[in-house]
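# What the coordinates show
What follows is the residue order along each chain.
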Amino acid sequence: MRIGTTLTNYIIDNQRHIPGATGEFTGLLNDIAVACKKIADVVNKGGLVNVLGSADTENVQGEQQKKLDVISNQIVIDALQHNGTIAALASEEMDSVYHLPDGKPRGKYLLLCDPLDGSSNIDVNVSVGTIFSILKAPEGVDNPGEREFLKPGTEQVAAGYCLYGPSTMLVLTTGNGVTMFTLDRDIGEFLLTRKNVTIDADTREFAINVSNQRFWEAPVQRYIAECQQGREGPLGKDFNMRWVASMVAEVHRILTRGGIFMYPMDSKIQASGKQGKLRLMYEANPMASIIEQAGGAASTGRQRILEVQPEEIHQRVPVILGSRNEVKRVAAYHA
Ligand code: AHG
Ligand code: MN
Ligand code: MN
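Counting starts from 1 at the beginning of each chain's written sequence and moves along it residue by residue. To label them, take the chains in the order written and letter them from A, then take the ligands in the order written and number them from 1. Note on the predicted model: pLDDT of at least 70 is required for a residue's local features to be given, and 80 or more for side-chain atom pairs to be given and counted; whole-chain, interface and lining totals, by contrast, use all residues. No hydrogens and no water enter the side-chain calculation; it runs on all heavy atoms of the structure.

### As for the site of ligand 1
For clarity, the cut-off: Any residue with at least one heavy atom within 4 Å of a molecule or strand is counted as near it. Distance and chemistry together define a polar contact, namely a pair of N or O atoms within 3.5 Å, with one atom able to donate a hydrogen and the other to accept it when in protein, and with adjacent residues in sequence counting only for side-chain atoms on both sides. Here a cavity denotes grid points, spaced 1 Å and computed from the protein atoms alone, that fit a 1.4 Å probe unable to get out, and a pocket denotes an open set having protein on both sides within 12 Å along at least 5 of 7 lines; residues with an atom within 4 Å of a point are the lining. Whether a molecule lies in a cavity or pocket depends on its atoms, and more than half of them have to be within 2 Å of the grid points. A run of H or I in DSSP becomes a helix once it reaches four residues, and a run of E becomes a strand once it reaches two; helices and strands are each numbered from the N terminus. Under this grouping Gly is polar, as are all residues other than the nonpolar Ala, Val, Leu, Ile, Met, Phe, Trp, Tyr, Cys and Pro and the charged Asp, Glu, Lys and Arg. These domain boundaries are the output of an automatic or database domain assignment.
Inspection of the region around ligand 1 gives 17 residues, with Asp117, Gly118, Asn209, Met247 and Tyr263 positioned closest. Within the side chain of Glu92, an N or O atom sits 3.0 Å from an oxygen atom of ligand 1. Ser119 is positioned such that a nitrogen or oxygen atom in its backbone is 2.8 Å from an oxygen atom of ligand 1. When each cavity is represented as a set of grid points, ligand 1 is found to reside in the largest pocket. Elements with a minimum of two residues in the shell around ligand 1: strand S5 (109-117), strand S13 (260-263) and strand S14 (278-279). It is S5 that contributes the most residues to the shell around ligand 1, three residues altogether. Per-class residue counts for the shell around ligand 1 are seven nonpolar, four polar and six charged. No fewer than three residues from each of domain 1 (7-194) and domain 2 (205-334) sit in the shell around ligand 1.

### A look at the coordination of the manganese ion (ligand 3)
This is how the line gets drawn: Nitrogen, oxygen and sulfur within 2.8 Å of a metal are treated as its donors, or within 3.2 Å for sodium, potassium and calcium (Na, K, Ca); water is not counted, so a site can appear incomplete.
Around the manganese ion (ligand 3), the protein supplies Glu92 (OE), Asp114 (OD) and Leu116 (O) as donor atoms, at distances of 2.2 to 2.4 Å. Within one chain, the residues donating to the manganese ion (ligand 3) are spaced in sequence as E-x21-D-x1-L. The metal-metal distance between the manganese ion (ligand 3) and the manganese ion (ligand 2) is 3.7 Å, with Asp114 coordinating both.

### Focus: the packing of helix H1 (residues 7-15) against helix H2 (residues 24-45)
The cut-off we apply is this: For every element, the axis is a line fit to its C-alpha atoms; helices are fit only across the contacting stretch, and the angle between N-to-C directions ranges from 0 to 180 degrees. Oblique is the label for every angle not falling under 35 degrees (roughly parallel), over 145 degrees (roughly antiparallel), or within 65 to 115 degrees (roughly perpendicular). Note on convention: near helix rotated counterclockwise from far helix by under a right angle means a left-handed crossing. Clockwise means right-handed. Contact between two residues is taken to exist if any of their heavy atoms lie within 4.5 Å; hydrogens are not considered.
Relative orientation of the contacting elements H1 and H2 amounts to 160°, with a least axis distance of 10 Å. Classified by the angle their axes make, H1 and H2 are roughly antiparallel. Both H1 and H2 take part in a crossing whose hand is right-handed. Residues Leu7, Thr8, Ile11, Ile12 and Gln15 of H1 form the contact with H2, whose own contacting residues are Glu24, Phe25, Thr26, Leu29, Asn30 and Ala33. Partitioned by chemical class, the residues of the contact of H1 with H2 number six nonpolar, four polar and one charged.

### Concerning the sheet that holds strand S17 (residues 319-322)
This is how the line gets drawn: Note on pairing: DSSP must find at least two bridges between two strands before they are called paired.
Here five strands make up an open sheet; going across it, the order is S12-S11-S13-S17-S15 and the pairing mixed. Each edge of the sheet is formed by a strand with only one pairing partner; in this case those strands are strand S12 (240-241) and strand S15 (297-299). Where helix H9 (residues 324-334) meets the sheet, its contacts fall on S13, S15 and S17, and the angle it forms with S17 comes to roughly 150°.

### Re the coordination of the manganese ion (ligand 2)
Selection rule: Only protein chains enter the accessibility calculation, which uses a 1.4 Å probe. A residue is then buried if its area is under 20% of the maximum for its type, exposed if over 50%, and partly exposed in between.
In the first shell of the manganese ion (ligand 2), the protein supplies Asp114 (OD), Asp117 (OD) and Glu283 (OE), at 1.8 to 2.2 Å from the metal. Along the chain, the residues donating to the manganese ion (ligand 2) fall in the pattern D-x2-D-x165-E. Classification of Asp117 as buried rests on a relative accessible area of 4%. On the accessibility criterion, Glu283 (1% relative accessible area) is buried.

### Here's the deal with the domain arrangement of the protein
We apply this condition: Note on terms: buried area is the combined drop in 1.4 Å-probe accessible area of two parts once they are placed together, counting the loss on both. Any carboxyl oxygen of Asp or Glu within 4 Å of a side-chain nitrogen of Lys or Arg constitutes a salt bridge here.
What the domain assignment reports for the protein is domain 1 (7-194) and domain 2 (205-334). On a C-alpha basis, the centroid separation for the pair domain 1 and domain 2 is 24 Å. Both sides of the domain 1 and domain 2 interface together cover about 2,900 Å² of buried area, and 60% of this is carbon and sulfur. Interface area lost by domain 1 to domain 2 is led by Gln61, Leu150 and Tyr161, which between them contribute 19%. Joining domain 1 to domain 2, the criterion identifies three salt bridges. At the boundary of domain 1 and domain 2, one finds 18 residue pairs in polar contact (both at pLDDT 80 or more). The leading source of residues in the side of domain 1 that touches domain 2 is strand S6 (residues 128-136), at seven residues. Looking at the side of domain 1 that touches domain 2 residue by residue, the classes come out as 22 nonpolar, 18 polar and eight charged.

In structure tokens form, the structure reads like this:
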């Protein structure tokens, strides 16, 4: 019986085509895969191992942390700090850049991550995920700080997420299309289950948190109203709606059957002095990269997400992503 293509097989195969590759990138993705397997295990055990509920702490963004937010963040640190593949790590759940302990070898990559996305869904046993983004560390800097991380999304060398759903799936881009792997728990390996993923340019499915409708800007009001008018409206087709409240699950659905996902700018966000709800470097950039690599589009409404120049690591942005023609339409309404 064949094993199939493991994630490691796939990365090593890809690396062969990159002149000068040293194996460090393969090691990095392996470490990420180990972290994801461990998080999958804890998420899966849930109430059996007392990991549900609140941690009674707040993160730097002023959000209530769940126990699993804190545990997942620690798992990522543990899995990444030993093998000399990263130079530093930044996470949604840490106030500032995590520096490797003295004596640990420094690698040539920077890792950014949302250790547990959709954490409001943990206690209700709905899909959550881990999102990661990889940048090159600048040469000659021993302990990279925040400034070294502030690169636009176009500079990412790889990005991906792991979805903890009915099955655990790791979805990856290294700038050459999108590939999906499914965790085979019996052998503890991610196996390739789908490659060259593409998103239809058109869709009949939108995802937005409609409870914020009264705060939306005019272009979003117009677009959603047109979706709701269905076949009788200017778009000439009936739409379906979904809102999981786990971006990982929404992006995975869009990669599977198309759609448009929006967490746009609104007057409530603006009044709180923020530039959006979702985080540019931990959520928007890696997801934008995956969506673009699958032929979709990702915009703030006013700009391509991947071209936004970050000013701080925890920066937020409006996000509109998915099927290309619909994202273009919403961006055109903003113009
Ligand atoms: P996180 O759990 O990492 O804070 O992210 C949650 C994000 C995203 O995954 C989701 O799309 C959105 O927040 C949901 O926001 P609402 O609760 O406002 O719908
Ligand atoms: Mn998140
Ligand atoms: Mn999170």
